[in-house]
Amino acid sequence: MALINVKVEKVTQEAEGIRSFVLAKKGIFNFPPYTPGAHIDVHCGEGIIRQYSLCGDPADRRHLMIAVRQVDPSRGGSDLMHKVVTKGDRLEIGAPRNNFPLDEAAAHSVLLAAGIGITPIIAMADRLHALGRSFALHYFSRATEHTAFRNRLSEGGYADKVIFHEGLDIRATGQTLDDILAAPAADGRVYMCGPGPFMDRAETAAQAHWPVDTINLERFAAKPALSGALTKPFTVELAQRGITLEVGANETILDVLEAHEIDAAFSCEQGVCGTCVTDVLAGTPEHRDSFLSPKQRRSGKMMCLCVSRASNAKLILDL
Ligand code: FES
């Protein structure tokens with residue numbers, strides 16, 4: 001996919017450890033259109049690519065906004081974005097992609113964000129407000145100083161729909177999630193984004209009451225249980241190429257494709273971004289990603305090549 005050159009037009013400290021970046025498009029063409037929940041790949045430098053959700057105004061086709069939390073310890077991306085990238089720098093990004101789409105027609109939407117997980121959620125809230133739809137946004141953070149976009153949320157047009165949950169401990173967070181999700185709305189949807197432990201707890205609370213297909217989530221990293229050791233070998237047949245490859249116990253499908261110089265799109269290699277999702281024509285995938293929805297998993301028709309495996313001896317892929 002072609003990369004887009006951008007200039008860092010503005011850097012803002014949105015909260016302790018969280019900075020937003022406004023990226024400007026140069027030249028005569030606009031950015032491609034995108035919808036709330038979309039993210040971009042950012043080439044941060046030193047060969048590091050990270051995915052960041054878009055949290056600006058989709059109607060502004062000359063600018064994109066992302067926000068980045070400084071992670072400690074950093075795997076490189078957040079350190080570069082916080083310590084190296086400054087106003088005026090040039091970066092390369094991928095075109096916006098949306099793996100976390102908003103159902104704009106839902107009767108009511110419950111938006112749950114924790115920490116930097118506010119980025120796709122605030123874009124959803126902006127959109128639902130613009131459409132006049134019913135929604136509530138619950139934003140969990142460690143403390144007020146860690147709450148990004150606090151002024152935008154508390155002074156904007158939908159301030160009455162935003163509930164801040166600041167400084168709750170683990171138990172209180174769980175109880176609050178249980179309370180919020182105890183009564184599913186008719187034709188409602190739940191969206192959640194945040195760190196792993198929050199997501200695990202929020203997903204459990206939602207699944208206790210909400211139909212599984214109404215629960216939508218975006219994770220930053222694979223669930224530990226799903227990113228565990230590789231196991232048994234299996235065979236993949238690439239239907240378009242008419243070749244069959246062996247995937248060893250200690251390698252991924254993506255490893256094998258790369259070893260045979262077969263092009264396949266990928267980005268995070270952790271099962272969270274969805275870039276490597278590929279159609280499965282036969283066989284049963286053993287899903288180890290944190291990206292596909294329960295419905296997509298059940299269909300058995302697609303899988304993430306970077307982490308998922310085969311639950312039987314052979315898979316046939318549309319490659
Ligand atoms: Fe991101 Fe596979 S490369 S899910």
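Residues numbered from 1 in each chain as written. Predicted model: local features only at pLDDT ≥ 70, side-chain atom pairs only at ≥ 80, totals over all residues. Heavy atoms only, no water.

> Quick question: what am I supposed to make of unusual backbone geometry here?
Apart from glycine, the bulk of residues carry a negative phi angle, and the bulk of peptide bonds sit in the trans form. Although it is not a glycine, Phe-149 sits at a positive phi angle of roughly 60 degrees. Classification of Phe-149 by relative accessible area gives buried; the value is 4%. Look at Glu-261: it is not a glycine, yet its phi comes out positive at around 55 degrees. Mapped onto the elements of the fold, Glu-261 is located in the loop between α6 (253-259) and β14 (277-282). (Buried < 20%, exposed > 50% of the residue type's maximum accessible area, 1.4 Å probe, protein only. Helix = DSSP H or I, 4+ residues; strand = E, 2+ residues; numbered from the N terminus.)

> Just checking my understanding: could you explain the pattern of salt bridges for this structure?
Under the counting rule described, the total for this entry stands at 14 salt bridges. For Arg-189, the salt bridge identified is with Asp-103, shortest N-O distance 2.9 Å. A residue pair is termed long-range when its members are at least 10 positions apart, and Arg-189 in strand β10 (residues 188-194) and Asp-103 in the loop between β6 (90-93) and β7 (108-114) qualify at 86 residues. A residue is classified by how much of its surface remains accessible, and Arg-189, at 18% relative accessible area, is buried. Take Asp-103: its relative accessible area is 25%, and that puts it in the partly exposed class. Salt bridges sharing partners connect three or more residues here, namely Asp-103, Asp-187 and Arg-189. (Salt bridge = Lys/Arg side-chain N within 4 Å of Asp/Glu carboxyl O.)

> Help me out: how do you make sense of the packing of aromatic side chains in this one?
Pairs of aromatic rings are described using the distance from one ring centre to the other and the angle between the two planes. The tally for this structure, following the rule as stated, stands at 4 aromatic pairs. Summarising the aromatic geometry, the rings of Phe-135 and Tyr-158 are spaced 5.5 Å apart at their centres and angled 70 degrees between planes, so their arrangement reads as edge-to-face. Here Phe-135, found in strand β8 (residues 135-141), pairs with Tyr-158, found in the loop between α3 (150-155) and β9 (162-166); they are 23 residues apart in sequence, far enough to count as distant. Neither residue differs from the other here; Phe-135 and Tyr-158 are each classed as buried. When the centroid spacing of 5.3 Å and the interplanar angle of 55 degrees are considered together, the rings of Phe-140 and Phe-198 count as tilted. Taken as a pair, Phe-140 in strand β8 and Phe-198 in helix α5 (residues 196-207) lie far apart in primary sequence, 58 residues in all. (Phe/Tyr/Trp six-rings, centres within 6.5 Å; stacked < 30°, edge-to-face > 60°.)

> Sorry, what's going on with the sheet that holds strand β5 (residues 63-69) here?
Backbone hydrogen bonds hold the strands of a sheet together, and the pairing may be parallel or antiparallel. Here 6 strands make up an open sheet; going across it, the order is β4-β3-β6-β1-β2-β5 and the pairing antiparallel. Strands at the two margins of the open sheet, each flanked by one partner only, are β4 (48-53) and β5. Averaged over all neighbouring strand pairs, the angle between strand axes comes to 40 degrees, with direction disregarded. (Pairing = 2+ DSSP bridges. Axes fitted to C-alpha atoms, helices over the stretch in contact; angles between N-to-C directions.)

> Is there a simple way to think about the nonpolar core in this case?
Where a protein is soluble and globular, its nonpolar side chains tend to be buried together. In this structure, Leu-111, Ile-118, Ile-121, Leu-137, Phe-149 and Leu-153 are the most contacted members of the largest nonpolar core, which totals 27 residues. Grouped together as the second largest cluster of nonpolar side chains are 24 residues, Val-236, Leu-238, Val-247 and Ile-262 included. (Core = buried A, V, L, I, M, F, W, Y, C linked by side-chain atoms within 4.5 Å.)

> Explanation requested: helix α2 (residues 118-131) in the structure shown.
Two residues of an α-helix separated by three or four positions point the same way, owing to the 3.6 residues in each turn. Here α2 contains 14 residues, and its C-alpha end-to-end distance of 20 Å stays within 8% of the 20 Å for a straight helix at 1.5 Å per residue. Gly-132 sits one or two positions beyond α2 and adopts a positive phi of about 75 degrees. (Expected span 1.5 Å × (residues − 1).)

> What's the story with empty space enclosed by the protein in this structure? I'm lost.
Evaluation of the coordinates by the stated rule reveals 1 cavity of 30 Å³ or more. There is about 40 Å³ of room inside the largest cavity. (1 Å grid on protein atoms, 1.4 Å probe; cavity = no way out; pocket = protein on both sides within 12 Å on 5 of 7 lines; lining within 4 Å. Points joined across faces, edges and corners; volume = space filled by probe spheres on them.)

> Please explain the state of the cysteines as it appears in this structure.
Two cysteines whose sulfur atoms are joined by a covalent bond form what is called a disulfide. A complete count under the given rule lists 0 disulfides for this structure. Unpaired in terms of disulfides, Cys-44 finds its nearest cysteine sulfur in Cys-273, a separation of 14 Å. (Disulfide = S-S within 2.5 Å.)

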